[in-house]
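# Observations on the three-dimensional arrangement
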Amino acid sequence: MAQRQCYLYLGLLCAAQFSVLHCVSKENEQHFVNILQSGKPSLIYFKGITNPSISLFLQQLEKSTESLEEYGVTVAQVDCNTENVPKYCENNHVLKKAYLFRANIMLRSFTVDTLFDVDAIVANVLFVLLFNEIKYVSSLVDLHDIENYMKGQGDVIVTFVPAIGVPEHRAIMETAYVYGTKYKFVLTTEQSVLKDKELQDSDKLSPRLWFCHCKMVMDRNEPCKKTFFEQPLTTVNIHSFLKVLEAPLVMESTVGPEDVSTVHVQLKMPVIFLFTQRETYDHDRITAESVAWQLLGKAGVVLVPRAQLQPNVPEDVTVGLKSVGEDLSISYLVLASVEEIVNLVKSEGKHLSTTEKDDEDESEDVDFRGVQDDEVAEAIYRNGWRDLDVDLIPALTDRSFPQSLLATPHVVVLFYTVWDAVSMVFLQSYVEVSTRLADLKDLLLARVNCGDWPDVCSTENATQLPVVKMYSPGEKPLFYSGMLGVQSLLKFIMLTRIVNPVHLTAVEDVEAYLRGKLHGDLKTYQHISVVGLFSPDMEKELDTFIKAANCLKGIVVTGCYVGNDHQYLSQRFGVAPPALVFAKHEESHIQGVQLEKTNTEEIVFAIEGSMLETFPEITVENLPSYFKPLKPLLILFIDNDDTVTLNVKEELAEFTKIRSMQLYTTCWIDLRNTQVGEEILQIYLNYLPQLPALILVQLSSGSHVFAFPEEQVISRENVLHWLKKLQSGQEPPTQWPKHQRWNVREPVHQVEDAL
Amino acid sequence: MPASWPRWTLSIFVAVITSLNTAIPSNYQHLDYCVIGAGPGGLQIAYFLQQSQRQYVVFERSNTSGSFFGRYPRHRKLISINKRYTGKQNKEFNLRHDWNSLLSHDDNLLYKHYSKDFFPHADTMIHYLNDFARIFGLKIQYNKEIKWIEAKRDQKAWNGHYFFLMDQNDHYYRCSVLLVATGISEPYMPNFPGSQHVEGYENVSVDPADFVGQAVLILGRGNAAFETADNIVGVTNFIHAVSRSRIRLAWATHYVGDIRAVNNALLDTYQLKSLDGLLEGDMENIVIIQDNKGKLHLRLKYHFNKNNSQDMSSNINDQSLLSEGVDNLAVRLPYDRIIRCLGWKFDFSIFSNMSKPRSGRGRLSKYPLVKATYEAENLPGMFIIGTASHSVDYRKAAGGFVHGFRYTARAVHRLLEHRYHGVHWPTIALPISQLINVIIKRINEASGIYQMFSVLADIVLLQKNATKFEYLEEYPIGALPCLWENTGKKAENGLFVINLEYGSNFSKPEADVFHPRRSVGEPKHAWLSNFLHPVIYFYRHLPTETEMTQRPKLWPLPRPSHIHHVVEDFLTDWTAAKAHILPLRRFLETCLGTDLRYFFAESCFKFALTNQHLPPFCHHGYLNRQGLLGNDNLQDRVEEPGYLPGDTGSVEESPLHHLSND
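Residues numbered from 1 in each chain as written. Chains lettered and ligands numbered in written order. Predicted model: local features only at pLDDT ≥ 70, side-chain atom pairs only at ≥ 80, totals over all residues. Heavy atoms only, no water.

## Description of the overall build of chain A
On a plain count of helices and strands, chain A comes out with 23 helices and 28 strands. The burial tally for chain A puts 52% of its 755 residues in the buried class. When contacts within chain A are restricted to residue pairs at least 6 apart in sequence, those whose partners lie at least 24 apart make up 72%. As presented, chain A carries roughly 36,000 Å² of accessible surface, and 51% of it is formed by carbon and sulfur atoms. (Helix = DSSP H or I, 4+ residues; strand = E, 2+ residues; numbered from the N terminus. Buried < 20%, exposed > 50% of the residue type's maximum accessible area, 1.4 Å probe, protein only. Contact = heavy atoms within 4.5 Å. Areas by Shrake-Rupley, 256 points an atom, 1.4 Å probe, with all protein chains shown as cover.)

Here it is, written out as structure tokens:
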């Protein structure tokens, strides 16, 4: 189904007379259709409104044309203002995505942010196209699996880059384009993969590449030998490195050192000459191999018969070194051990690299410590909220605080401090709530600045700031424990104002209450009505219920009916007192639960449970109510209400009623309500699929994600079949690279001794 | 005054008591807590004992509280500041600038209600202290002079011994804990030839008319000496002041007991060559000779001995001595009067040998020696309260003054509550996401750690996995190794110590404290801060006794795993997001290995769906349905280029942006 849809769109695409307004390849007249029909991959950006960041992107896109062309990728843009391509040009705003097509099929979408420069564009595009050649791993275990698999078969090239799209990422992608069939390429952005590589702290973030010699491993229990690449990761450097690795480990020469030419000499690498004679050949060969392994990628090793040495060379020399410099002469030395030989080359290398490194250090020396990386603090900083106009809300002091409590029936107090960014953001919402409730005469919204009145805050037990407390006559003050936002706080205040439970005196009232007719002003704040039914002799049960209602203050207002109409009630609601009845306002259905020897917690649990849905829409606000970290999440991502989407939703709603599906938290996310859902999809799959898309996420098992096949229709049977396949382990999971990993940044260096 | 108690009487008295000691008096009153002295220190500890409903009595030899202030300071001006306006409403903060009030829960008992003067009249202190005692109904027995203190072993006693106190009427009191708040009321009177010609600060005339046209020599260089000089500088011919050490100005040393600017008129006239002067000399080495006309001459013992090696005492008036020696001696002019203003010392005479606290050495000899917990070194259960407890921080913090010892008294009380009544040192437990907030709150308002910097400090005790912490206020840092014994709190998972410090190279006598580079502003130079600023120490394990004694010189604490200086601030306001909070957060994150950033609910939502582990702020807040929702206004702002809500600038991202600009 989904696939058909995809073709449909492309059909539309082709039908429209596309004028590629500004085809980056400057072939103005060529039709867009041709690009698609050429069968070659193409990277296309649909241009809506341009803002500075988009024009910056367009510049970079243009620059990358040439590079991508080398890999057979066409780059183009379509102006949505003139060509309204369905789906891709849909909303007329800033379009933040570019799409990669191969023939008529859309392979991936990229958010423009990920394509921040030429390197990023080339790297990302090749990453998709070379899906089979280069494998992403996120853990050491995965890497070891690949190594094991490749033993005896082929060699593996592993690359760590700190992020996707950096120049080093591009370099390795370009290498993989050339060598992809020869070697197995592996990429990671996970530092944990570097764990056993004995790197210095400072190196932890710099890109690394190493070569695993797995082909020569015959015994499965033996690890693959590794050679680390120690130069900057550029295409040319990696190419040279691979060339050197392809050369024989030790070259045996029949001519003198001066005449030897190896690939190392061509690549301007040092060459070590070891001298041998027939008697010691076997031993010398072993020594040479040992040296060569240690210097692999850094220097060449050549075994020369001692007889070929020129007469002026002293007899006791053991080693000859051809350095990198202009001077092609060979220095002869007397070295006894393998270590000395290795050190000789390494020290020379160091000398060279220090001079190169200096410029780099300067440009990379950026002090991140002073950069505000706290989004809340940054938001405050940008808004200058310290000057927020909060004068509308009375600021209470140690004296006016108790007075205010006496003057107004309901008093809501926000305890906060001005230096706390969270307090200041919430204060903004608080001001808004206060404005909205300004008409209520029995309610006062006030604030206490704990920076001014620490004594008031500590007597009121306001230790975790910010915190809201509501004081109502004759009742214990209530801490607000909901989301720090306008809607939740409004709901809390409105519901807390009402005496809970509401005592209903007639059966008609019960019905009206359940239909949401009584207390109509509450309808906006609660979508469910709950009534407890009791008969006059059930004092104990009633008491328990009232306690439960108190616990739920601010969350739901319950009704309570005490009467002798057993028969009528059981007829009407299917339950006899003591009982709870629930009615969801959007449904006509009334549900009853018998209360037998239940305690307060159980009643609270039952009422809270009734407020949850079996197939909910997940939003930023309600996720915590549904979130169970250990349960796999089955999420349907949607972004419209077309028939396909509605059908899929219905199918899944039915699906959740199947018993075995209780294993999953099944829900849907509407990208129109929850924009961050798009980012989440991007993290899961590294591309944006066609919607609706069904995703299974297992956070507990190390971030495994499975996408329901796009070409299949999301139906009960298909989903069930798919889930069974997953359970039996037939489908390999993919793991997403963790983009949001947090790292300690060293604070300002403290010179302790200065004390 | 016991000062004038003749020695021979005392020795007879001691003999009598010792004989009594063989049999413990059977007729005594038992008390859990005995406080000696109803001065500010005694009243402060009595207030806490009263609040915790302990059985206690305060013994006061006079008929009023704070009787010392009835006579002293002689010129009646207190030099403890009474700052009534700070522009802030925070009561705790305001105590940083109120040096006279005692701690209590009653705002009416703030000193600002008792005097309008910045330097209040001493009478107001008596008024204040007696109000304090009366309003709280403190149990004080006036006119009870404790004459003798003895300690007797007893297995049943809290400390293995009881303290027996005897008053002037031979009534006995048996005390489980003894709180000595007698102050330092004995004038220090060195014995040198001619000392009988000297008048003491305690009884010299304070009427300038008595000094008209006179030449006056003042012994001593403390605030009493300068106060005396100030009073008469306008009528005397000249004033010379002599003392053992060079002058120590409070503004250079940050020690409130050194010469305060309010008393320094004499420095002005000396440095402007207006006849007055300052000299250095050791009090033990001077000689005062009266000449024929009754004038007094100051000479050094050295000269005196050279000429009178045979017999010192008989020739004390030897006129020939005066003509000897160099003829440009600074003190060659004779004086009409010599006034001794050499300070005070603790009265050790009321203690028996067993109960007597050891005295300090050198310049601390005027104080009884105490441990960091203010308990006597040699006798558990005896605590020194008030100004006499100053040996801990003499010439450093404010422990010898009301604004300091009101906090050390509270610390002692908390310790007593824990040790004898099982009440743990008060703490608050909070999730780790509140750590920055609590530290910022304390360093900005707390008065105890501000006055008693490097003596009392706040402690953060981490709980396992650093998800929660306990915050403990105003603990004596010298007793850090004994944290568990003193508070009942363990520090098994690491701890922070929040201290306030001056730059160590900054405050000392003769330092130029106004040099142009005296302060720093950049957070990265915070460790060079000179003025009082917060310093946070992180230890993975509680420092041991050995580490404490072997700590680097001038350090209040042993070398920590990590240390952080919050950069000094001209306004002592450490709430700036970038200069103070951000570096503090980075430091705490390094120590804890935890992300302490705040996130909007939307970011937490994303983390929850894509990560196994959430930052603590999301974990404690968002997942408990207490996420922070921004509103539309905010979202618009945050989505401006260069700052994406998802891209919170993690390390992986940032270098990348940088590279892309090449």
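Here the narrative resumes, following the displayed structure.
## Concerning the pairing of strand β13 (residues 296-300) of chain B
Residue and element names in this part refer to chain B. Within β13, 4 of the 5 residues are buried, which leaves it mostly tucked inside the rest of the structure. The sheet contact formed by strand β12 (residues 286-290) and β13 spans 5 bridges and is antiparallel. Opposite Ile-286, over in β13, you have Leu-300 as the bridge partner. Count of turn residues in the β12/β13 antiparallel hairpin: 5 residues, of which Gly-294 carries a positive phi of about 85°. (Pairing = 2+ DSSP bridges.)

## With respect to the state of the cysteines
A covalent bond between the sulfur atoms of two cysteines is what we call a disulfide. All names here are of chain A. Enumeration over the complete set of coordinates arrives at 4 disulfides over all chains. Linked covalently through their sulfurs, Cys-214 and Cys-224 form a disulfide whose S-S length is 2.2 Å. With the S-S bond torsion at 110°, the cross-link from Cys-214 to Cys-224 turns out right-handed. Within this pair, whereas Cys-214 is found in the loop between β8 (208-213) and β9 (225-229), its partner Cys-224 is found in the loop between β8 and β9, the two being separated by 10 residues in sequence. Accessibility assignment for this pair places Cys-214 and Cys-224 in one class, buried. The partner cysteine of Cys-450 in its disulfide is Cys-457, sulfur to sulfur 2.0 Å. For the disulfide bridge between Cys-450 and Cys-457, the dihedral angle about the S-S bond is near -95°, and by the sign convention the bridge is left-handed. You can call Cys-450 buried: its relative accessible area is 5%. Considering cysteine sulfurs only, Cys-214 is the nearest to Cys-212, which forms no disulfide, with 5.1 Å between them. Looking at Cys-212, the relative accessible area reads 0%, which means it is buried. (Disulfide = S-S within 2.5 Å.)

## With respect to a negative patch on the surface
Residues and elements named next belong to chain A. Side chains of Asp-537, Glu-539, Glu-541 and Glu-596 sit close together on the surface and give a patch of like negative charge. Looking at the secondary structure, you find Glu-596 in the loop between β23 (590-594) and α19 (600-611). In this structure Glu-596 comes out as exposed when scored by relative accessible area, which is 54%. (Patch = residues over 30% accessible without salt bridge, like charges linked within 9 Å, V, L, I, M, F, W, Y side chains within 5 Å. Salt bridge = Lys/Arg side-chain N within 4 Å of Asp/Glu carboxyl O. Lys, Arg positive; Asp, Glu negative; His and termini not counted. Charge placed at Lys NZ, Arg CZ, Asp CG, Glu CD.)

## Examining helix α17 (residues 539-551) of chain A
Residues and elements named next belong to chain A. Over its 13 residues, α17 runs 19 Å from end to end, which matches the ideal 18 Å to within 8%, given 1.5 Å per residue. Among the residues of α17, those classed as buried are Leu-542, Thr-544, Phe-545, Ala-548 and Ala-549. End-on, the buried residues of α17 take up no more than an arc of 160°, which puts them together on one face. Away from its buried face by more than 90 degrees, α17 exposes Glu-539, Lys-540 and Cys-551. The elements touched by buried residues of α17 are β20 (528-534), β21 (558-562), β22 (579-584) and α19. (Expected span 1.5 Å × (residues − 1). Arc of directions from axis to C-beta.)

## A closer look at the nonpolar core
Ranked by internal contacts, the top residues of the largest apolar core, which has 151 residues, are Leu-138, Leu-165, Leu-179 and Phe-496 of chain B. No other element matches helix α11 (residues 402-421) of chain B, which puts 9 residues into this core. When residues no more than four places from it in sequence are discounted, the contact partners of Leu-138 of chain B are Leu-43, Ala-46, Tyr-47, Gln-50, Tyr-56, Phe-132 and Ala-133 of chain B. In terms of nonpolar packing, the next biggest core, distinct from the first, is built from 92 residues, Val-431, Ile-618, Phe-637 and Leu-699 of chain A among them. (Core = buried A, V, L, I, M, F, W, Y, C linked by side-chain atoms within 4.5 Å.)

## Quick notes on the sheet that holds strand β10 (residues 251-252) of chain A
Residue and element names in this part refer to chain A. The strand order across the open sheet built from 5 strands is β10-β12-β11-β13-β14, with neighbouring strands paired in mixed fashion. Strand pairing shows two members of the sheet lacking a second neighbour, β10 and β14 (330-333), which therefore form its edges. In the sheet, strand β11 (residues 271-276) pairs with strand β12 (residues 300-305) via 6 bridges, with the strands oriented parallel. If you follow Thr-276 over to β12, its bridge partner there is Pro-305. Here helix α9 (residues 281-294) sits on the sheet in contact with β10, β11 and β12, set at roughly 165° to β12. (Axes fitted to C-alpha atoms, helices over the stretch in contact; angles between N-to-C directions.)

## Notes on the pattern of salt bridges
In the structure shown here, the tally under the stated rule is 41 salt bridges over all chains. Residues Glu-289 of chain A and Arg-285 of chain A are paired through a salt bridge, measuring 3.0 Å at the closest nitrogen-oxygen approach. In this pair, Glu-289 of chain A and Arg-285 of chain A are both assigned in helix α9, 4 residues apart and thus about one turn of the helix distant. Linking Glu-679 of chain A and Lys-606 of chain B is a salt bridge whose minimum nitrogen-to-oxygen distance equals 2.6 Å.

## Examining the side chain of Thr-276 of chain A
Residue and element names in this part refer to chain A. Here Thr-276 shows up in strand β11. A distance of 2.8 Å separates polar atoms of two side chains, one belonging to Thr-276 and the other to Asp-284. Other than its neighbours up to four places away in sequence, Thr-276 contacts Tyr-281, Asp-284, Leu-303, Val-304, Pro-305 and Arg-306. (Polar contact = N/O pair within 3.5 Å; in protein donor to acceptor, adjacent residues only side chain to side chain.)

## Looking at helix α15 (residues 486-497) of chain A
Residues and elements named next belong to chain A. When the terminal C-alpha atoms of α15 are compared, their 17 Å separation across 12 residues agrees well with the 16 Å that a helix rising 1.5 Å per residue should span. Burial analysis of α15 places 9 of its 12 residues in the buried class, the great majority of the element. Every buried residue of α15 is accounted for by Val-486, Ser-488, Leu-489, Leu-490, Phe-492, Ile-493, Met-494, Leu-495 and Thr-496. Residues of α15 that are buried in the fold lie against β15 (410-416), α13 (421-436), β16 (443-449), β17 (467-471) and β18 (478-479).

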